[in-house]
Structure formats: C-alpha cells, structure tokens
Amino acid sequence: MTNPSDVKLSGKTIDLSALKQRVGDVIGVSDWILVDQAKISAFAELTGDHQFIHVDPERARAETPFGGTIAHGFLLLSLVTQMRADAIPPIAGIAMGINYGFERVRFISPVPSGSRVRGRFTLAALEARGPNELQLAWGVSVDVSGAHKPALVAEWLTRAILKPERTS
C-alpha cells in the first residue's frame, strides 16, 4: 500500500469504477495551506467571532496555554473544501457534487497562527442513492505540520449527481 502521506493522484479525473474499488483507502492528501494571522483575522471579520484567542496575539500569549492566537475550528472546517479540491481530482461522469453535511466533526488540537495544515481524505463509503445519484462518505483528517495529533477529524458526506447517459 502507498504511504498515505505521499498520496497524490495524477490525471485530470478519477474513474468511478476504479474509485468504487478504493473504499477504505486514503484517496488523496492536499498540499499544505498556511493558516496565518491575516487568514484568522479575516475569518473573524466574516463570521463575527472575535474571541481574543483568535484575534489578539498579545492577550492570547499572556492568558492562554497556546502561546499566541489559534485558528477558529470552523475556519479549519471551511478549508476542507479547498483541501479536497486539491487532493482529489473530479470523478469522471459526475455532473456536479453537493455538500450533504457531516456525520461527525471533532476539533482535536489547536492550530497556532502561522501553522501549515493539510487534508487527508479516506473514502469510507460509496453508495447509490438513486439511478443518477451517489453518496460518498469521506473520512477527513486535517494534519498540522510538526504536530503528533490532527487538528480536526470528521466524516463528510457528499452527493454526486451523474451525467445523464447519452443515446445516439
């Protein structure tokens, strides 16, 4: 089996029949994303979550065990979409994908400002939900460079709408 930290699919698409054979496997690992204070502060502005542990480096250094500011858990969760797009090419024959939601999300460890994170995607399940629709369950782990534990683990459900078959 390939080392999961080295999984990077080549090519422009993944064949659906081949993907069905990969349930239980790590399908892709994204490139690293820098989570710096500018990104954390922009997320705070967007969401209105201005808790000092995210936006006040001096106070966070003085009053928390983190040594400075940390990323919002929901910022990391929102980056999962970008990570997935980087780690997993489009599936051949799919007209569109739909975010169906999460079965479980856990924020395991903090992400200090200035850290790099990446997503690791394991195909947990793939099942038909109708003649032109599939549901995919992805095990997601967000790694932090240099850390022993992931920042986030989740089970993400997506739906894939198949392109209609054309008849001549």
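Report follows, based on the coordinates. (Residues numbered from 1 in each chain as written. Predicted model: local features only at pLDDT ≥ 70, side-chain atom pairs only at ≥ 80, totals over all residues. Heavy atoms only, no water.)

Comments concerning the layout of surface pockets
Here is step 1: Approximately 270 Å³ is the volume attributed to the largest pocket.
Here is step 2: Lining the largest pocket we find 15 residues, and of these Arg-84, Ile-94, Met-96, Gly-97 and Ile-98 sit closest to its centre.
Here is step 3: Elements with a contribution of two residues or more to the lining of the largest pocket: helix H5 (73–87), strand S3 (94–107) and strand S6 (152–162).
Here is step 4: The element contributing the most residues to the lining of the largest pocket is S3, with six residues.
Here is step 5: Classifying every residue of the lining of the largest pocket by side-chain character gives nine nonpolar, four polar and two charged. (1 Å grid on protein atoms, 1.4 Å probe; cavity = no way out; pocket = protein on both sides within 12 Å on 5 of 7 lines; lining within 4 Å. Points joined across faces, edges and corners; volume = space filled by probe spheres on them. Helix = DSSP H or I, 4+ residues; strand = E, 2+ residues; numbered from the N terminus. Nonpolar A, V, L, I, M, F, W, Y, C, P; charged D, E, K, R; others polar.)

Describing helix H2 (residues 37–47)
Here is step 1: Within H2 the residues assigned to the buried category are Ile-40, Phe-43 and Ala-44. Axial view of H2: buried residues confined to an arc of 105°, hence all on one face. Projecting away from the buried face of H2 at angles above 90 degrees are the exposed residues Ala-38, Glu-45 and Leu-46.
Here is step 2: The inward-facing, buried residues of H2 contact strand S2 (33–35), helix H3 (52–55) and H5.
Here is step 3: Just past H2, the residue Gly-48 takes up positive phi, approximately 80°. (Buried < 20%, exposed > 50% of the residue type's maximum accessible area, 1.4 Å probe, protein only. Arc of directions from axis to C-beta. Contact = heavy atoms within 4.5 Å.)

Considerations on the environment of Gly-48
Here is step 1: Looking at the secondary structure, you find Gly-48 in the loop between H2 and H3.
Here is step 2: C-alpha of Gly-48 to C-alpha of Ile-98: the two residues are 50 residues apart in sequence and 26 Å apart in space.

Overview of the pattern of salt bridges
Here is step 1: Under the criterion given, the structure shown has seven salt bridges.
Here is step 2: Arg-22 is paired through a salt bridge with Asp-25; the nearest N and O atoms lie 3.1 Å apart.
Here is step 3: Using a relative accessible area of 27% as the deciding quantity, one classes Arg-22 as partly exposed.
Here is step 4: Among the ionic pairs, Asp-143 bridges to Arg-118, the shortest N-O distance being 3.5 Å. (Salt bridge = Lys/Arg side-chain N within 4 Å of Asp/Glu carboxyl O.)

Some remarks on the side chain of His-72
Here is step 1: For His-72, the position within the fold is in the loop between helix H4 (57–63) and H5.
Here is step 2: Classification of His-72 as buried rests on a relative accessible area of 2%.
Here is step 3: Of note is the side chain of His-72, whose polar atom sits 3.0 Å from the backbone oxygen of Asp-49.
Here is step 4: Beyond its immediate sequence surroundings of up to four residues, His-72 is in contact with Ile-40, Phe-43, Ala-44, Asp-49 and His-54. (Polar contact = N/O pair within 3.5 Å; in protein donor to acceptor, adjacent residues only side chain to side chain.)

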